[in-house]
Amino acid sequence: MTRQRSSFFTLVLLAGLGILLSACSSPGTRVVLLPQDNGQPSAVEVHTRGGERVLSQPYQRAIALASSTRAPRVDEVDPARVRAENQSLFDLRPPKPEHYVVHFGAGGILVTSASQQIMDAALANALARSGGDIVITGHTDTVGPGPRNDELSRLRALEVRQMFIDRGFPAERIEATGRGERELAVTTPDEVEEPLNRRVVIEVR
């Protein structure tokens, strides 16, 4: 849970936390909890000298006056009004992450020919974002022992990472990891070949 001290006097949008902070008419803070883009629940604690309140529902608002010795007051705000009054801040939010999936042949680390265009699209998106980075996660199907698949998925992720580097994307802005057969795209029993599970997921953010 995120804790946010009520000591702000300017209008700020914390996009990563889904929180809108703004100044009250008298010195203090208003905190509005925004909905997460992925629909997941979130919460924030607002603290003052007089106590604390927890916001756990989208568009709940805590009002904390700097001179008050009471806990923040909590109410709800109209979503349309929040956006209308703070549109310039919403415009500053970074673009949402984009996800791409490329596939591999059985037991190998070579991207299928059909995935080359997907790689091109992911690279173009990443290069178009100022300061954007790439997170690459490798996966396998259930054929073979777990430790071997962990290593195979890591090698697949590293292969895709190198392909981006070879095309000019900065190496320091690419993270690569392997998840083996832990997160199957298609659920299968053990020792089942499934092309959709032999994949790398590319997150451009």
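This report concerns the structure included in the present document.

Right, let's talk about the pattern of salt bridges for a bit. What the rule picks out here adds up to 10 salt bridges. Notably, a salt bridge pairs Arg 182 with Asp 150, separated by 2.8 Å at the nearest N-O pair. Here Asp 150 lies in helix 4 (residues 146-166) and Arg 182 lies in the loop between strand 11 (174-178) and strand 12 (199-204), a separation of 32 residues in the sequence. For Asp 150, a relative accessible area of 27% puts it in the partly exposed group. Each of Arg 61, Arg 73 and Asp 75 takes part in salt bridges that share partners, so that together they form one network.

Turning our eyes to something else, we now look at unusual backbone geometry. What is expected of a backbone is that most residues other than glycine have negative phi and most peptide bonds are trans. One non-glycine residue, Tyr 59, adopts positive backbone phi at about 70°. Structurally, Tyr 59 can be placed in the loop between strand 6 (51-55) and strand 7 (60-65). Phi is positive for Glu 191, close to 65°, though the residue is something other than glycine. For Glu 191, the location among the structural elements is in the loop between strand 11 and strand 12.

Okay, the packing of aromatic side chains next. In total, this model carries zero aromatic pairs according to the counting rule given. In this structure, Arg 83 packs its charged tip against the face of Phe 90, placed 4.2 Å from the ring centre.

It is worth spelling out the side chain of Arg 156 at this point. Looking at where Arg 156 falls in the secondary structure, it is placed in helix 4. In this structure, Arg 156 is buried with no salt-bridge partner, the nearest side chain bearing the opposite charge being Asp 141 at 6.1 Å. Here the side chain of Arg 156 touches Gly 108 through a polar contact of 2.7 Å, landing on its backbone oxygen. The contacts of Arg 156, once residues within four sequence positions are left out, are Phe 104, Gly 105, Ala 106, Gly 107, Gly 108, Ile 109, His 139, Thr 140, Arg 198, Arg 199 and Val 200.

So, on to the pairing of strand 5 (residues 44-48). In terms of residue burial, strand 5 counts as a mostly covered element, since five of its five residues are buried. Covered by surrounding structure in strand 5 are Val 44, Val 46 and Thr 48 together with Glu 45 and His 47, the residues of both alternating faces. Note that strand 5 and strand 6 share five bridges and pair antiparallel. Across the sheet, Val 46 pairs through a bridge with Arg 53, a residue of strand 6. Counted along the chain from strand 5 to the antiparallel partner strand 6, the turn is two residues long.

Moving on to the sheet that holds strand 9 (residues 98-103). Strand order in this open sheet of four strands is 9-12-10-11, and the pairing throughout is mixed. Of all the strands in the sheet, just strand 9 and strand 11 have a single pairing partner and so form its edges. Neighbour-to-neighbour, the strand axes of the sheet open up by a mean angle of 15°, direction not taken into account. Across six bridges, the pairing between strand 9 and strand 12 is antiparallel. Across the sheet, the residue bridging to His 103 is Arg 199, located in strand 12. Of the strands in this sheet, strand 9, strand 10 (134-138) and strand 12 are in contact with helix 3 (residues 116-128), which crosses strand 9 at around 150°. Sitting on the sheet, helix 4 touches strand 9, strand 10, strand 11 and strand 12, and the angle it makes with strand 11 is about 160°.

The rules behind the values
- Residues numbered from 1 in each chain as written.
- Predicted model: local features only at pLDDT ≥ 70, side-chain atom pairs only at ≥ 80, totals over all residues.
- Heavy atoms only, no water.
- Salt bridge = Lys/Arg side-chain N within 4 Å of Asp/Glu carboxyl O.
- Helix = DSSP H or I, 4+ residues; strand = E, 2+ residues; numbered from the N terminus.
- Buried < 20%, exposed > 50% of the residue type's maximum accessible area, 1.4 Å probe, protein only.
- Phe/Tyr/Trp six-rings, centres within 6.5 Å; stacked < 30°, edge-to-face > 60°.
- Lys NZ or Arg CZ within 6 Å of the ring centre and 35° of its normal.
- Lys, Arg positive; Asp, Glu negative; His and termini not counted.
- Polar contact = N/O pair within 3.5 Å; in protein donor to acceptor, adjacent residues only side chain to side chain.
- Contact = heavy atoms within 4.5 Å.
- Pairing = 2+ DSSP bridges.
- Axes fitted to C-alpha atoms, helices over the stretch in contact; angles between N-to-C directions.

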